[in-house]
Amino acid sequence: MTDETDAGVKIDYAEVMRRLPHRYPFLLIDKAEDFVSGVSITGIKNVTHNEPYFPGHFPIDPVMPGVMIVEAMAQTGALMMSKTLDVSVEGKIIMFMSIDGVRFRKPARPGDQLRMKVVITRQRGDIFKFRGETFIDGKLAAEADFAAMMVTVDPPVAP
């Protein structure tokens, strides 16, 4: 599935918004780069002091919750799936299936930039398995193996 014309492709915020259904305060990717269809992607999240979880986690020493870092990796994988399969978000959704081997090695704080390197380790139809590593200032901050699948959703019924 690799198309050499995709090597190193950048994905701007507008395309992220077109490809993912997530919105504030749950959209955790600002942009992506190094997209290679069916192979890999690097998602980028700029952590700001305005993140909605910082007032409670923790007011004096803000730390991005680890589960949010994992979610950012999952959204990066979903973005890669969406672009690789070239699917519309209307009528389709990418669902998190599993997560294994999560390790947190460095906290993420306001001012940090998360660089989430995600590679496909296996694909079978609409099910993808990934390896994700998140870096801050070139140092490994978190890692996980996870899976996701594309599912069709019925349109909402008007009340």
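Residues numbered from 1 in each chain as written. Predicted model: local features only at pLDDT ≥ 70, side-chain atom pairs only at ≥ 80, totals over all residues. Heavy atoms only, no water.

A. The layout of surface pockets, seen in detail. A volume near 180 Å³ is recorded for the largest pocket. Lining the largest pocket, in full, are His22, Phe26, Glu71, Ala74, Gln75, Ala78, Ile93, Ile94, Met95, Phe96, Phe146 and Ala148. Among the elements of the structure, α2 (66–85), β4 (92–104) and β7 (139–152) are those that each provide at least two residues to the lining of the largest pocket. Within the lining of the largest pocket, the residues separate by chemical class into 9 nonpolar, 2 polar and 1 charged. In this model, the second largest pocket occupies a volume close to 150 Å³. As for the second largest pocket, its lining consists of Tyr13, Met17, Arg23, Tyr24, Pro25, Phe26, Leu27, Ile29, Asp30, Lys45, Glu51 and Pro52. Taken together, the residues of the lining of the second largest pocket sort by class into 8 nonpolar, no polar and 4 charged. (1 Å grid on protein atoms, 1.4 Å probe; cavity = no way out; pocket = protein on both sides within 12 Å on 5 of 7 lines; lining within 4 Å. Points joined across faces, edges and corners; volume = space filled by probe spheres on them. Helix = DSSP H or I, 4+ residues; strand = E, 2+ residues; numbered from the N terminus. Nonpolar A, V, L, I, M, F, W, Y, C, P; charged D, E, K, R; others polar.)

B. Broad picture of the side chain of His22. Assignment of secondary structure puts His22 in the loop between α1 (13–19) and β2 (31–36). Setting aside residues up to four positions removed in sequence, His22 forms contacts with Leu27, Glu71 and Gln75. (Contact = heavy atoms within 4.5 Å.)

C. Inspection of the packing of aromatic side chains at higher detail. Counted under the stated rule, the structure contains 4 aromatic pairs. For the ring pair Tyr53 and Phe54, a centre distance of 5.0 Å and an interplane angle of 80° mean the geometry is edge-to-face. Across the pair, Phe54 and Tyr53 agree in class, each one buried. Measuring from centroid to centroid gives 6.0 Å for Phe128 and Phe130, while their planes differ by 15°, and the two rings are stacked. Since its relative accessible area comes to 1%, Phe130 is described here as buried. Here the aromatic residues Phe96, Phe128, Phe130 and Phe146 are joined through ring pairs into a cluster of three or more. (Phe/Tyr/Trp six-rings, centres within 6.5 Å; stacked < 30°, edge-to-face > 60°. Buried < 20%, exposed > 50% of the residue type's maximum accessible area, 1.4 Å probe, protein only.)

No statement about biological role is implied by the geometric values presented.
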